[in-house]
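Here are the chains, one letter per residue:
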Amino acid sequence: MKKIFILSVAAATCLLAACDIERFPSTQMAAEQIKENPDALMDELLNGAYTQLKDWSDVMHRCGEYAGDNMMIRGSSTDAFYQFISYSRTPANGRLNSFWSNSYKAIAQTSNIISLIGEGADPAVDSKLGECYFLRGMLYFYLCRAYGRPYYQSPEANLGVPVVNGTPENIIDLHLPDRATVKETYEQAIGDLEKAAAMLTVDRGPAYASREAAWALLSRIYLYMSGTWDNPNAAYAAKAVEYANLVINSNKYELLPRADFMKYNTFTPEANKETIFAVKRVASEFSGYDHYYGVGGMYAYIGGMGWGEMYASAKYIALLDETGRNDWYNNTIVDARAAFIEPQYTETAQPVFRFIKKVYNASKEHTNFNYVQADLTVNGDSCIEGKGTAAAKAYKLTEVDASQGIYSVEYHDTLVNQTETYTGYKDQFISLNRVYPMFYIVKCSREGEDSHLHSPVITRLAEVYLNKAEALAKQGSYGDALTALNLVRERSLPGKGYASLNTTNAGELIDKERTLELAFQAERSYDVYRNGRSLTRRYPGPHNAMEEILSTDYRVVYYIPQTAIDSYAGTLTQNPTSN
């Protein structure tokens, strides 16, 4: 009897990613057996593909978020993820290998299901085939944005990732293709997602692929293809709007009201009317200290779990405070998105004046920034840095906005013999980790109030509106773009919508809202570079605070894992190691 081979997890790893143990898959299933009961057997195979997303989503988050400017870490780390933060790129990175491997395992699994089970026999089976197309298209896109250069940079020449859809017929004399171009990889992703949208007739909820989830991703992909603000591609922008409208007009999702949105992280995907697709996690998947090692565990220490070593950056906090100060100590939240930040105040009140100062090295070069939490005097009109030490210095506070507790100081740095004006807040002392105040991030924790349980959000309605706003603006339709933009902004800042949008401010304002809204969802670094902009992180932390990373920098993309190259049955071209 002729057999059609389904790659098991182990076999998929061997074929496409890492190890060199067997050429034959460890699981075989007769084609006739599958055709006798395709629905039940498909469920088993498809669930395996969804399972791959659980580990995949962990590294996916770290790749996108750690390379951005929404967060900072308390110090350097030997963990491979620190390379994402420091931009010290290397092909010998175990986390990147995991991302590559898990992606291709799921691509192999979904591709073999598609090859094995024919279309048209049963609507329910066809819909699940649509889920396979969705997962495969999504993974090709996520792989390409991590390993392939931004689309506006010669997509027909720059390399994306290998397009290998399933087990080749000849696995004895196996020879796999080199990386497709970025353009070809995007075409593969688009084709899969369009096929998914056409076949998906059964909506199993946001933990599974759906027609609307395919449309939402297509909206994002075409936005990535829509050029930069200086040189937009109106045709691709129009496609982004088209797919965004399909999601919006389906009326299946709604922006959560402000109060509910501030608890977004606590809702399961099924209980969240804004989530379109998420990678479902459940508490039973975690035992012992597992929550320490999830995404949320680095951002906060909750319920005895987590390292709590990464915090919201001063740059992101300043953006949250731009419309009005968020006074966490007194529970006065101006921007609803500030609800996902939790400063760790000491149990005993300790009034301070907190500001950020420049740091100089021994050569008197400005190299970094650091926080100062100077004790307030009794009457509150001055502050003392280093109170109780021989180096204590007092500074008079000058009112900037007393109603919000905002003041300035004329700070003298003795190392460079220079006085500079710094603005800061009257507040309470925030506990330090090393020298950094701990601004915990909880957006990736507390799902169902279970410590760091988190189902990573892939798409939600707010992003779709932001996709639409940017794409409309790139077409010059500023009025409609403003309407879409303000729907998201005014949910978090009631009555504070932007008054106008035009060619001079659209890029800045839309980028600002995407930064605020999509923070800690692995979007930020990609959003910066796809629009041809540079990333700067001039705020406290161990990173190179004075560096500007251009969108043309070779480090904008990650290296193909060396393990994958070494085990690949064919040529697998590495990304450039310099500009």
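All values derive from a computational prediction rather than experimental measurement. Within any chain, residue numbers begin from 1 and follow the written order of that chain's sequence. The predicted origin of the model limits local features to residues at a pLDDT of at least 70 and limits the giving and counting of side-chain atom pairs to 80 or more, whereas totals for whole chains, interfaces and linings rest on all residues. In computing side-chain properties, one takes all heavy atoms of the structure into account and sets aside hydrogens as well as water.

Some words on the sheet that holds strand β13 (residues 418-428)
Across a sheet, paired strands are connected by hydrogen bonds in the backbone, their directions being either parallel or antiparallel.
Right, on to step 1. Across the sheet, which stays open at both edges, the seven strands sit in the order β10-β9-β8-β7-β13-β12-β11 with antiparallel pairing between neighbours. Of all the strands in the sheet, the pair left with one neighbour each is β10 (393-396) and β11 (398-401). Within this sheet the neighbouring strands show an average axis-to-axis angle of 35°, counted without direction.
Right, on to step 2. As judged from the nine bridges shared by strand β7 (residues 351-360) and strand β8 (residues 366-376), these two strands associate in the antiparallel manner. Looking at the pairing, K357 lines up with N370 of β8. Pairs of strands are assigned from DSSP output, requiring at least two bridges between the strands. Only DSSP runs of H or I with at least four residues qualify as helices, and only runs of E with at least two residues qualify as strands; both kinds are numbered from the N terminus onward. Axis definition: a line fitted to C-alpha atoms, over the contacting stretch in the case of helices. Angles run 0 to 180 degrees between N-to-C directions.

Examining the packing of aromatic side chains
Right, on to step 1. Side-chain rings of Phe, Tyr and Trp (the six-membered ring for Trp) are treated as a pair once their centres are within 6.5 Å; stacked means planes under 30 degrees apart, edge-to-face means over 60, and tilted covers the remaining angles. If you walk through the whole model with that rule in mind, you get 34 aromatic pairs.
Right, on to step 2. For the pair F261 and Y264, a centre-to-centre distance of 6.1 Å together with 80° between the ring planes defines the contact as edge-to-face.
Right, on to step 3. Burial status follows relative accessibility: with a 1.4 Å probe on protein chains alone, a residue under 20% of its type maximum counts as buried, one over 50% as exposed, and anything between as partly exposed. The exposure class assigned to Y264 is buried, which follows from its relative accessible area of 8%.
Right, on to step 4. Summarising the aromatic geometry, the rings of Y292 and W307 are spaced 5.0 Å apart at their centres and angled 70° between planes, so their arrangement reads as edge-to-face. Taken together, the residues span a long stretch of sequence, with Y292 in the loop between β4 (275-278) and α11 (295-299) and W307 in the loop between α11 and β5 (310-312) at a distance of 15 residues.
Right, on to step 5. For Y292, a relative accessible area of 15% gives the class buried.

A closer look at helix α5 (residues 94-116)
Right, on to step 1. Each residue after the first adds 1.5 Å to the expected span of a helix. Compared with an ideal rise of 1.5 Å per residue, which puts 23 residues at 33 Å, α5 spans 33 Å between its outermost C-alpha atoms and is within 8% of the ideal.
Right, on to step 2. Counting buried positions along α5 yields 20 of 23 residues, so the element is predominantly enclosed.
Right, on to step 3. What qualifies as a polar contact is a pair of N or O atoms within 3.5 Å, subject to a donor-acceptor requirement within protein and to the restriction that residues adjacent in sequence count only when both atoms come from side chains. A side-chain oxygen of the first residue of α5 lies 3.0 Å from the backbone nitrogen of R95; this N-cap is N93.

Here we look at the pairing of strand β12 (residues 406-413)
Right, on to step 1. Taken across its eight residues, β12 has six buried, putting it largely inside the fold.
Right, on to step 2. Both β11 and β12 contribute to a ladder of three bridges, which runs antiparallel. Opposite D401, over in β12, you have I406 as the bridge partner.
Right, on to step 3. Connecting the antiparallel pair β11 and β12 is a turn made up of four residues, with G405 showing a positive phi of about 70°.
Right, on to step 4. For β12 and β13, the ladder comprises eight bridges, and the chain directions are antiparallel.

Observations concerning the environment of Y140
Right, on to step 1. The topology assignment puts Y140 in helix α6 (residues 123-147).
Right, on to step 2. Distance from Y140 to S103, taken between C-alpha atoms, is 8.1 Å for residues 37 residues apart in sequence.
Right, on to step 3. Excluding anything up to four places from it in sequence, Y140 contacts Y104, I107, V161, P162, V163, V164, N165, T185, Q188, A189 and D192.
Right, on to step 4. Within polar-contact distance, the side chain of Y140 engages the backbone nitrogen of V164 at 3.0 Å. Here, residues are in contact when the closest pair of their heavy atoms is within 4.5 Å.

Focus on empty space enclosed by the protein
Right, on to step 1. For each structure, a 1 Å grid was placed over the protein atoms alone; sets of points admitting a 1.4 Å probe that cannot get out are labelled cavities, open sets with protein on both sides within 12 Å along at least five of seven lines are labelled pockets, and lining residues have an atom within 4 Å of a point. Grid points are joined across faces, edges and corners, and a volume is the space filled by probe spheres set on the points. Within this structure, the stated rule accounts for six cavities of 30 Å³ or more.
Right, on to step 2. For the largest cavity, the calculated volume is near 230 Å³.
Right, on to step 3. Along its surface, the largest cavity is lined by 20 residues, and K443, H454, S455, P456 and V457 are the ones closest to its centre.
Right, on to step 4. Breaking the lining of the largest cavity down by element, the ones donating at least two residues are α3 (38-66), β4 and β17 (457-460).
Right, on to step 5. Residues are sorted three ways: Asp, Glu, Lys and Arg are charged, Ala, Val, Leu, Ile, Met, Phe, Trp, Tyr, Cys and Pro are nonpolar, and all the rest, Gly among them, are polar. Here the residues of the lining of the largest cavity are counted per class, giving nine nonpolar, eight polar and three charged.
Right, on to step 6. Quantified by volume, the second largest cavity comes out at close to 100 Å³.
Right, on to step 7. R145, G148, R149, P150, Y151, Y186, Y224, Y526, Y529, R530, V556 and V557 are the residues that line the second largest cavity.
Right, on to step 8. Of all the elements, helix α16 (residues 524-530) adds the most residues to the lining of the second largest cavity, at three residues.
Right, on to step 9. Residues belonging to the lining of the second largest cavity are distributed by class as follows: eight nonpolar, one polar and three charged.

A short note on the packing of helix α13 (residues 461-474) against helix α14 (residues 478-492)
Right, on to step 1. Two elements in contact, α13 and α14, have axes separated by 8 Å at closest approach and are oriented at 155°. Between α13 and α14, the crossing angle belongs to the class labelled roughly antiparallel. Crossing handedness for the pair α13 and α14: left-handed. Contact with α13, carried on its side by A462, Y465, L466, K468, A469, L472 and A473, involves Y478, D480, A481, A484, L485, L487, V488 and R491 of α14 and no other residues of that element.
Right, on to step 2. Across the contact of α13 with α14, the residue classes break down as twelve nonpolar, no polar and three charged. For classification purposes, an angle smaller than 35 degrees is called roughly parallel, one larger than 145 roughly antiparallel, one from 65 to 115 roughly perpendicular, and anything else oblique. Should the near helix be turned anticlockwise from the far one by less than a right angle, the crossing is termed left-handed; should it be turned clockwise, right-handed.

Looking at the environment of S103
Right, on to step 1. Within the secondary structure layout, S103 lies in helix α5.
Right, on to step 2. Of the polar contacts made by the side chain of S103, one reaches the side chain of W56; its length is 3.1 Å.

Points about the pattern of salt bridges
Right, on to step 1. Salt bridges are identified by distance alone: a Lys or Arg side-chain nitrogen within 4 Å of an Asp or Glu carboxyl oxygen. Within the structure shown, the criterion is met by 42 salt bridges.
Right, on to step 2. A salt bridge links R95 to D79, with the shortest nitrogen-to-oxygen separation between them at 2.7 Å. Taken as a pair, R95 in helix α5 and D79 in the loop between β3 (71-73) and α4 (82-86) lie far apart in primary sequence, 16 residues in all.
Right, on to step 3. In this structure, R325 engages D427 in a salt bridge whose closest nitrogen and oxygen atoms are separated by 3.7 Å. Of this pair, R325 sits in the loop between α12 (314-320) and β6 (341-343) while D427 sits in strand β13, and the two are 102 residues apart along the sequence. In this pair, the class of R325 matches that of D427, namely buried.

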